[in-house]
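What follows is the residue order along each chain.
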Amino acid sequence: MSQRLKSILTVSASVLGSRLLGLLRDSMTAAFLGVSVASNAFIFAFMVPNLFRRLFGEGALTSAFVPVLSDQVRVADDQRAFRFVNQVLLRLIMITVGVSVVLCLLFALAAVVIAARWKGEGQWTASIAEQWYQGSLLSILMMPYMPIICVTAILGAVLNVRNRFAVPALSNVLLNVGIIGALLIGGLWMKLPAEELVWLLSVGVLVGGVLQIFSALWALWQEGWRPRIERGPVDGMEELKRLFIPGLWGAAILQVNTFVSRLLAFGLNESATTTLNYANRLIELPMGMFAVAIATVIFPQMSLMVSANDREGLVESYGHGLRMTLALTAPAAVGLIALSEPILTMLFQWGRFSAGDVAMTGPLLMILAAAVPLFAMNAFMTRAFHAFKDTRTPVAYAGVTFVVNLVLSLALMIPLEAKGLALANLLASVTLSVLMVRGIRKKRPELTNVHIGRSVRTILLSSIGMAAVAISVSYLIEMMMGSTKEAAFVTCAVVIPLGAAVYFGLLFACKFEDSAEVAKLLKRLMRR
């Protein structure tokens, strides 16, 4: 088995464990909080540090940092590379701590204003104001998680460049342990109401963050790194700034795009934030397990090939990554669409999360699931641009996507409510995919030799066959057992493995180009 496939497998298996534990966390959170003001407030507060994590930790900074660090590793010794890492970490800590303090002051001011002026004026206004009030206070409590997770993300990037993929991939497991522990203590043992439980959940996030950063620090310590305040100029810092600043604008546009969509949902009604969150959480399983895993492994390799001017290796890696991304995310998207109701029923219809809440979440999941291959492909192609040390082009594309998503969201949210926001995200992703494909081929003409048309047709044919089987069998189960929770369990237990067998059987029968690697990946995943 190739080293690349082993690395993808390591990340995929680690992320699978993390995502499954995350689903358990979400199921427990839904059961204890339901669709409520408290749930919306917690989701909003948790979103704020995660936004900056994607901006500074996993977004523009990591995308600029990895190619520069790859050059350092290739041409310099470890100590020189670690000096560069220390300077980046020092600046990141200073920025994120400063931003955290400013945001805490702003949220404190918002809480005071809401409490003084709007809380309690009319049923709809009171409900929305309560969400903002609780969300502001919880954001203050949870804000220390922002610098913690941003530093953890950079430490994880260093480990990835050094081919240590397991620890970064397992990082979210530790976060989930902290949150699940808080749910068990506050929900099962203390039986706190939702309004009080969210405070303990926020503490659980902080505990999980501490576990995350210490695991990354320990792994990097074993590699020979030592934290120091480096004085004087360090090679690579100027190049990092050159790549980071335009990339920051692109990442900022994308994250503001996400943030604006969540804000629109937060102010729309009492259900939109929570239902959209759980729909998004389900599509993160295939995104994290396959798309992010493939991009995480192939991005450093593409960076090294660009640095070494290995055009043939670049074409092979890019084509392989794109085909594998589509082959593994397309069936996941089809499965989520075909089985949206039984999956939601099995995972979330517990405690305070009712059948009516499942009915509200189902259409959102179907719309967002249709965008999974697009999300995955866009994430991969963005990493390709960054491997070429081009952070400007994705900025321009991100700006266009932001405008498209904002205009469509405002146009569709009133008549379609939360479904309009999900549909706007889907259409904006289509726009970004078209721009990315054209831009990649213009930037690197040699990548026009990457032909995936036949592979796409094979993937579509296999997905259609899987969908036909999944819908037919699930309909028969519903005919025999009715629309019950037991039927949902049986449907998922029978149809998911059956659909996967049909899909991959058709894929191999049609002689998909990367069938051998897909087969090896699946065999190893099943063994684990």
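Only a predicted model underlies this, so the values are computations on that prediction, with no experimental measurement involved.

A. Here's a closer look at the pattern of salt bridges. Counting across every chain of the model gives two salt bridges. Residues Asp26 and Arg281 are paired through a salt bridge, measuring 2.6 Å at the closest nitrogen-oxygen approach. Of this pair, Asp26 sits in helix α1 (residues 3–33) while Arg281 sits in helix α11 (residues 272–307); the two residues are 255 residues apart in sequence, bridging distant segments of the chain. As far as the burial class goes, Asp26 and Arg281 line up, both buried. One salt-bridge network, in which partners are shared between bridges, spans Arg25, Asp26 and Arg281.

B. The arrangement of the environment of Leu461 in detail. With respect to the helices and strands, the residue Leu461 is situated in helix α18 (residues 453–481). The exposure class assigned to Leu461 is partly exposed, which follows from its relative accessible area of 48%. Sequence-distant contacts of Leu461, that is, excluding residues within four places in its chain, are made with Leu506 and Cys510.

C. Spatial organisation of unusual backbone geometry. Of note in the backbone geometry, Lys191 takes a positive phi value of approximately 55° without being a glycine. Note on placement: Lys191 falls in the loop between α8 (171–189) and α9 (194–222). Residue Lys191 is classed as exposed on the basis of its relative accessible area of 63%. Even without glycine at this site, Glu417 takes up a positive phi of about 55°. Structurally, Glu417 is set in the loop between α16 (392–416) and α17 (418–443). Residue Glu417 is classed as partly exposed on the basis of its relative accessible area, which comes to 44%.

D. Spotlight on the confidence of the model for the chain. Per-residue pLDDT for the chain has a mean of 81; in total, 79% of the residues score no lower than 70. When the elements of the chain are averaged for pLDDT, helix α20 (residues 515–527) gives the smallest value, 59, and α9 the largest, 92.

E. Fine view of the packing of α18 against helix α19 (residues 485–509). Interaxial distance between α18 and α19 falls to 8 Å at its minimum, and their mutual angle equals 155°. As summarised for this structure, α18 and α19 are arranged roughly antiparallel, according to the angle between their axes. By crossing handedness, the relation of α18 to α19 is classed as right-handed. Partitioning the contact of α18 with α19 into residue classes produces 17 nonpolar, seven polar and one charged.

F. A look at the environment of Ala428. Tracing the backbone shows Ala428 in helix α17. Ignoring sequence-local partners within four residues, the contact set of Ala428 consists of Thr401, Val404 and Asn405.

G. A nonpolar patch on the surface, seen in detail. Residues Tyr475, Leu476, Met479, Met480, Met481, Val490, Val494 and Leu498 make up a contiguous nonpolar surface patch of about 780 Å² in total accessible area. Listing elements by their share of the nonpolar patch, those giving two or more residues are α18 and α19. No other element matches α18, which puts five residues into the nonpolar patch. With respect to the helices, strands and loops of the structure, Tyr475 is situated in helix α18.

H. Region of interest: the nonpolar core. Leu276, Leu282, Tyr318, Phe348 and Ile459 are the most contacted members of the largest nonpolar core, which totals 69 residues. In terms of residue count, the dominant contributor to this core is helix α12 (residues 311–338) (11 residues). In contact with Leu276, not counting residues within four places along its chain, are Ala265, Leu364, Leu368, Ala418, Leu421 and Ala422. Of all hydrophobic cores here, the second largest spans 41 residues; its members include Leu51, Ala81, Leu103 and Phe266.

I. Looking closely at α9. Relative to the 42 Å expected for 29 residues at 1.5 Å per residue, α9 spans 42 Å between its end C-alpha atoms, a close match to the ideal helical length. Remark: Gly224 follows α9 within two positions and exhibits a positive phi of approximately 105°.

J. Geometry of the packing of helix α13 (residues 340–348) against α19. Orientation of α13 relative to α19, taken along the N-to-C sense of each, is 115°, at an axis distance of 8 Å. Accordingly, the angle class assigned to the pair α13 and α19 is roughly perpendicular. The element α13 and its partner α19 pack so that their crossing is left-handed. From α13, Pro342, Ile343, Thr345 and Met346 reach across to α19, where they touch Lys485, Ala488, Phe489, Thr491 and Cys492. Taken together, the residues of the contact of α13 with α19 sort by class into six nonpolar, two polar and one charged.

Definitions and limits used
Residues numbered from 1 in each chain as written. Predicted model: local features only at pLDDT ≥ 70, side-chain atom pairs only at ≥ 80, totals over all residues. Heavy atoms only, no water. Salt bridge = Lys/Arg side-chain N within 4 Å of Asp/Glu carboxyl O. Helix = DSSP H or I, 4+ residues; strand = E, 2+ residues; numbered from the N terminus. Buried < 20%, exposed > 50% of the residue type's maximum accessible area, 1.4 Å probe, protein only. Contact = heavy atoms within 4.5 Å. pLDDT = per-residue confidence, 0-100. Axes fitted to C-alpha atoms, helices over the stretch in contact; angles between N-to-C directions. Parallel < 35°, antiparallel > 145°, perpendicular 65-115°, else oblique. Left-handed = near helix turned anticlockwise from the far one by under 90°. Nonpolar A, V, L, I, M, F, W, Y, C, P; charged D, E, K, R; others polar. Patch = residues over 30% accessible without salt bridge, like charges linked within 9 Å, V, L, I, M, F, W, Y side chains within 5 Å. Areas by Shrake-Rupley, 256 points an atom, 1.4 Å probe, with all protein chains shown as cover. Core = buried A, V, L, I, M, F, W, Y, C linked by side-chain atoms within 4.5 Å. Expected span 1.5 Å × (residues − 1).

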